[in-house]
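Residue-level listing of the chains:
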Amino acid sequence: MKIILDAMGGDNAPAEIIKGAAAAVASFWPEVEIIAVGDAEKITACAKENNLKLDHIEIVNTTEVIEMCDEPAKAVRTKKDSSMVVGLKLLAEGKGDAFVSAGSTGALHVGTSLIVRTVKGVKRPALATIIPGKTPFMLLDSGANVECRPSMLEAFGVMGSVYMEQVMGVKNPRVALVNNGAEESKGTPTYVEAHALLKANSRINFVGNVEPRDIPAGVADVVVADGFTGNVILKLTEGLAKFFGAKLKGLFKSGVKGALAYLLLKGGVADFKKGMDADEYGGAPFLGAAKPVIKAHGSSNARAIHQAIRQAKLCVENDLCGVMARNLISEEKEA
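Residues numbered from 1 in each chain as written. Predicted model: local features only at pLDDT ≥ 70, side-chain atom pairs only at ≥ 80, totals over all residues. Heavy atoms only, no water.

As a reminder of what qualifies: UniProt positions are given in the numbering used here, feature names are shortened, and annotations may be inferred rather than shown by experiment.
Going by the annotation in an unreviewed UniProt entry, the name recorded for the protein chain is Phosphate acyltransferase, with Allofournierella massiliensis given as the source organism. Under Function (unreviewed entry), UniProt gives the following word-for-word description of the protein chain: "Catalyzes the reversible formation of acyl-phosphate (acyl-PO(4)) from acyl-[acyl-carrier-protein] (acyl-ACP). This enzyme utilizes acyl-ACP as fatty acyl donor, but not acyl-CoA." UniProt, in the comment section headed Catalytic activity (unreviewed entry), describes the protein chain in these words: "a fatty acyl-[ACP] + phosphate = an acyl phosphate + holo-[ACP]".

Shown next, in the form of C-alpha cells:
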C-alpha cells in the first residue's frame, strides 16, 4: 500500500516528518511505501543532513505550504500547489491509500470534505482522538464540527464503534454520550434527542450518558460529543496530564527520598508514562471521510509520525472506510 505524507505540515516539518517516514519504511516495508509531498529540495537536503535514506519514499514536489495561521477554506481554494492539497488530491485520485498530515486541522478538515469527500450518510467528517485512560477511548468529535445535529452525534457513535472494533480490536465497544448527568432527560434538546437516537440504534452498544469526571475511568470505549465540547475535554485532559506529570517529576527531584522512591518505582513510572503518551496512537482520523485521512498533532516528532503512518496502515488493512460506509448505509435503510 502507499501512504501519502504531508512532508511540510506541522511545527517540525520537514525534518521530523521525514525521520518518521524513514522509520516507518524500516518498520513496515514491503507492505508500506511512502509518497512524501512537499518541497523536494528541502526534503532531500533534510535527509542528507540527518543521514537518512529515502529508499521506498517517493517525493512529489510542491511549491506552497498551508500555514497554521491561514484561513482554512481560503487556503484550500487558493494554495492549490500546497503539500496538503496536492496530497489530498493524490488520495482522491487513487494514487495512494491513505493520507497523513500534521498541518492545519481546519484546512485538513475542509480539504478532506471538498477533495476526498465523505461516505454516504456523513455530511462532514469528525475528528476522532484516541485518549489514554484506564483503557484507551475514542473521543469524537474532538474539534472539527463545533455545532452538531442529533443525527450527527448518532453517526459519530456508529463511526467510533466501527473504528474501535476494526482498528483497535475492541469487541462490542461501549458508546457513551457526554452530558452533565446520567439521566436520559439531562442536557440540551439536541443532546436529549441524540440520546434517544443512540439508544434506539441496534448497531451500537450504547451505555447511556457519561459525565466528564467518569470518562477517564474506562466506562466507555467511544465517547460522543459535539466538536466544541469534545475539544474542551481534549484540551483539559492534555493540560491535566502535563500538570500531573510535572508534579510527579518534582516529587522525584525533591531530595534523597524522592530519588530513592524513583529508583524503586522506575519500571512502573515508565509504564505509566507510556500508557499516558498520546504519541503512542499517532494521530486522529477524520472519521466519515471516503478514504483514510489521519491528522497528526502539529508538534509531532518522528515517533508520532511513525505511529500515525502505522495507524493509516491499520485503517487500510481493515478496510475501515468500507466497513463504516456499509454500517451507515444499513442504518439508513433500517430507519
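Don't stop here, the text continues.
Regarding unusual backbone geometry
The test is simple: Helix and strand assignments come from DSSP, with helices taken as H or I runs of at least 4 residues and strands as E runs of at least 2, each series counted from the N terminus.
For the peptide bond that leads from Ala 13 to Pro 14, omega is -5°, which places it in the cis range. In this structure, Asp 141 follows Leu 140 across a cis peptide bond, with omega equal to 5°. Residue placement: Asp 141 occurs in the loop between β7 (137-140) and α6 (150-166). A positive phi angle, close to 65°, is found at His 56, a residue other than glycine. By secondary structure assignment, the location of His 56 is in the loop between α2 (40-49) and β3 (57-61). A positive phi is found at Asp 319, a non-glycine position, where the angle reads about 50°.

Here we look at the domain arrangement of the protein chain
Where we set the bar: A domain assignment, automatic or from a database, supplies the domain bounds used here. In this analysis, two residues are considered to be in contact whenever any of their non-hydrogen atoms come within 4.5 Å of each other. Throughout, the accessible surface (probe 1.4 Å) given up by two parts as they are put together, summed over both, is called the buried area. Salt bridges, as used here, are contacts in which a Lys or Arg side-chain nitrogen is within 4 Å of a carboxyl oxygen on Asp or Glu. Any pair of N or O atoms that falls within 3.5 Å is considered a polar contact. Within protein, one atom must be able to donate a hydrogen and the other to accept it, and sequence-neighbouring residues count only if both atoms are side-chain atoms. Side-chain classes follow a simple rule in which Ala, Val, Leu, Ile, Met, Phe, Trp, Tyr, Cys and Pro form the nonpolar group, Asp, Glu, Lys and Arg form the charged group, and the remainder, Gly included, forms the polar group.
Taken domain by domain, the protein chain comprises domain 1 (1-125 + 288-334) and domain 2 (128-278). Between the C-alpha centres of domain 1 and domain 2 the distance comes to 25 Å. Taken together, the contact pairs 20 residues of domain 1 with 18 residues of domain 2. When domain 1 packs against domain 2, the two sides together hide about 1,700 Å² of surface, and 54% of this comes from carbon and sulfur. Run the count over domain 1 and domain 2 and you get zero salt bridges. Counting across the domain 1 and domain 2 interface gives four residue pairs in polar contact (both at pLDDT 80 or more). Within the residue set of the side of domain 1 that touches domain 2, elements represented by two or more residues are α10 (302-317) and α11 (320-334). The biggest single contributor to the side of domain 1 that touches domain 2 is α11, with eight residues. For the side of domain 1 that touches domain 2, the residue count by class is eight nonpolar, seven polar and five charged.

A word on the packing of helix α4 (residues 83-92) against helix α5 (residues 105-116)
For clarity, the cut-off: Comment: axis = line fitted to C-alpha atoms, over the contacting stretch for helices; angle = value between 0 and 180 degrees taken between N-to-C directions. Take the far helix as the reference: if the near one is turned anticlockwise from it by less than a right angle, the crossing is left-handed, and if turned clockwise, right-handed.
Relative to each other, α4 and α5 sit at 35°, their axes nearing to 10 Å. Handedness of the α4/α5 crossing: right-handed. Contacts from Met 84, Val 85, Leu 88, Lys 89, Leu 91 and Ala 92 in α4 reach Ala 107, Leu 108, Gly 111, Thr 112, Ile 115 and Val 116 in α5. Partitioning the contact of α4 with α5 into residue classes produces nine nonpolar, two polar and one charged.

Description of the sheet that holds strand β4 (residues 98-101)
As a reminder of what qualifies: Only strands that DSSP links by at least two bridges are regarded as paired with each other.
Across the sheet, seven strands lie side by side as β3-β2-β1-β4-β12-β11-β5; this open sheet has mixed pairing. Edge positions in the open sheet fall to β3 and β5 (126-127), since each of these has one partner strand only. Direction of pairing for β5 relative to strand β11 (residues 283-287): antiparallel, over a ladder of two bridges. Paired with Leu 127 across the strands is Phe 286, a residue of β11. With respect to the sheet, α4 is in contact with β1 (2-6), β2 (33-38), β3, β4 and β12 (293-296), its orientation differing from that of β4 by roughly 165°.

A word on the sheet that holds strand β6 (residues 129-131)
Here we have five strands laid out as an open sheet, ordered β6-β7-β10-β8-β9, and mixed in their pairing. This sheet does not close on itself; its edge strands, each paired only once, are β6 and β9 (205-210). Across the sheet, the axes of successive neighbouring strands diverge by a mean angle of 30°, strand direction being ignored. Relative to strand β10 (residues 222-224), α6 is tilted by about 165°, and along the sheet it contacts β6, β7, β8 (174-178) and β10.

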